[in-house]
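Spelled out from the first residue to the last, the chains are:
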Amino acid sequence: MDEAARKAAADKADESIRQLPQDAVDATIASNTTVLLFYGATYCPYTQKYTPRWLDLQRKFDATPRWNTVATMFKVQCAQNEQFCVNHGVQGFPTIFVYHNGENIGEIDAEQLDAGVQKFVDQVQEVSGAAMAAVKKAIDQLDKSNQPEFMRQRRVVLKEHADLADLTIRQLNKSDVADTIKDGSTLLFFGANYCPYTQKYTPKWLDFQTLYDVTPEWNRRFRMYKIQCADQEEFCVNMGVDGYPTLFVFHNGQLISEIDVDWIKKGVQAELARLDALPVSLSSEANLAPSPSLASALIVAELSSQSNETAVLASSNGGGEALTMSYVLFALSFMVVAVIYLLRKRHGRVRRF
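Residues numbered from 1 in each chain as written. Predicted model: local features only at pLDDT ≥ 70, side-chain atom pairs only at ≥ 80, totals over all residues. Heavy atoms only, no water.

### Re the overall build of the chain
For step 1, the next point in the chain: When you go through the chain residue by residue, the secondary structure sums to 14 helices and 10 strands.
For step 2, the next point in the chain: Looking at the chain residue by residue over its 353 residues, the buried ones come to 41%.
For step 3, the next point in the chain: Within the chain, contacts between residues at least 6 apart in sequence are counted, and of these 70% link residues at least 24 apart.
For step 4, the next point in the chain: When the accessible surface of the chain is split by element, carbon and sulfur atoms take 57% of a total near 19,100 Å². (Helix = DSSP H or I, 4+ residues; strand = E, 2+ residues; numbered from the N terminus. Buried < 20%, exposed > 50% of the residue type's maximum accessible area, 1.4 Å probe, protein only. Contact = heavy atoms within 4.5 Å. Areas by Shrake-Rupley, 256 points an atom, 1.4 Å probe, with all protein chains shown as cover.)

Structure below.
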């Protein structure tokens, strides 16, 4: 292949490869459990030759849950600012580094890419799996004879269990939320690491993520992430969150439903069926009616509105029946609010207001 053809093939592959801007590299390494980064330069003939192979790996990676549930992968373009890549340990192009929990844990041979990826995935899964098993065993072995001490130990172990699950769960930063939910369907789990209910639910979310990754009916139709709210609670409140854990479904940038944390599988299936039943394309936001959880709030607003209108009629027409009806409607609206509150309380969510 001549130089022009090689460069053209590399440029074509770059159009489909996930690129990571240099100013996002450090944050991505810090916020993701395991990251594969391919450092290259567009002028480099070895990078040009290797780039289409990286695209082939990316396609295989995206189709292999054993890989894509453990790691993420990007290409970093170094031509514009080579010193940045040198500062990250790059001595030549192409270079493939693996980062885990914010640390560079090794380099993959560009000529042995598939085997290198599998090696690091196995290593990460072995460590994470052993740690999770140890924590589960510790929970089972807690001494229940001393109830206060047992409860204290259990809280500590549950926190450790949740923290370990968070290492594998796909997290979403608040700066990426708008771009993530604007197209298609997205399931978001809002939680706070200090919240005991979030801690208890987090390993269950990981189990659901694992099932999601091997269920094409789901992973082809919606995305799923967890958002840590402990250090950004105002953002979560502005998103409509009033307690932890909260599961919201967004479609084309709009909040369309809240899923019961105790019935997540059924909730997801119900939402997919509801979207399938729409008479027009899923891209039409106007046809997405609010789910029952959101509709309940609208009912309260509607009842209050009707109550006010009836009261006006009563005062203008002197109708006693209308005035009585206004009290009935007001009572109904109060009952709806009470039922929502009790249901939320029953599910054990930490509420702020």
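### Points about the state of the cysteines
For step 1, the next point in the chain: All chains considered together, the criterion is met by 2 disulfides.
For step 2, the next point in the chain: Residue Cys 78 pairs covalently with Cys 85 via a disulfide, S to S 2.0 Å. Judged by the sign of its S-S torsion, about -95°, the bond between Cys 78 and Cys 85 is left-handed. A single burial state applies to Cys 78 and to Cys 85, both of which are buried.
For step 3, the next point in the chain: What pairs with Cys 229 in a disulfide is Cys 236, and their sulfur atoms sit 2.1 Å apart. Looking along the S-S bond of the Cys 229-Cys 236 disulfide, the torsion reads about -90°, which is the left-handed sense. Taken individually, Cys 229 and Cys 236 each receive the classification buried, so the pair is uniform in this respect.
For step 4, the next point in the chain: Sequence-ordered numbering of the bonded cysteines in the chain gives a pairing of 1-2, 3-4. (Disulfide = S-S within 2.5 Å.)

### What about the confidence of the model for the chain?
For step 1, the next point in the chain: On average, residues of the chain carry a pLDDT of 76, and 67% of them reach 70 or more.
For step 2, the next point in the chain: Here residues 280-319 is modelled with pLDDT under 50, and outside its nearest four sequence neighbours on either side it reaches 51 contacts, counting other chains as well.
For step 3, the next point in the chain: The model gives residues 343-353 a pLDDT under 50, and that stretch makes 33 contacts with residues more than four places away or in other chains. (pLDDT = per-residue confidence, 0-100.)

### A closer look at the sheet that holds strand β4 (residues 103-108)
For step 1, the next point in the chain: Taken in spatial order, the 4 strands line up as β2-β1-β3-β4 in an open sheet, and their pairing is mixed. Edge positions in the sheet fall to β2 (72-77) and β4, since each has one partner strand and no second. The average undirected angle you get between the axes of adjacent strands in this sheet is 25°.
For step 2, the next point in the chain: Where helix α3 (residues 45-62) meets the sheet, its contacts fall on β1 (34-40), β2 and β3 (95-100), and the angle it forms with β2 comes to roughly 160°. (Pairing = 2+ DSSP bridges. Axes fitted to C-alpha atoms, helices over the stretch in contact; angles between N-to-C directions.)

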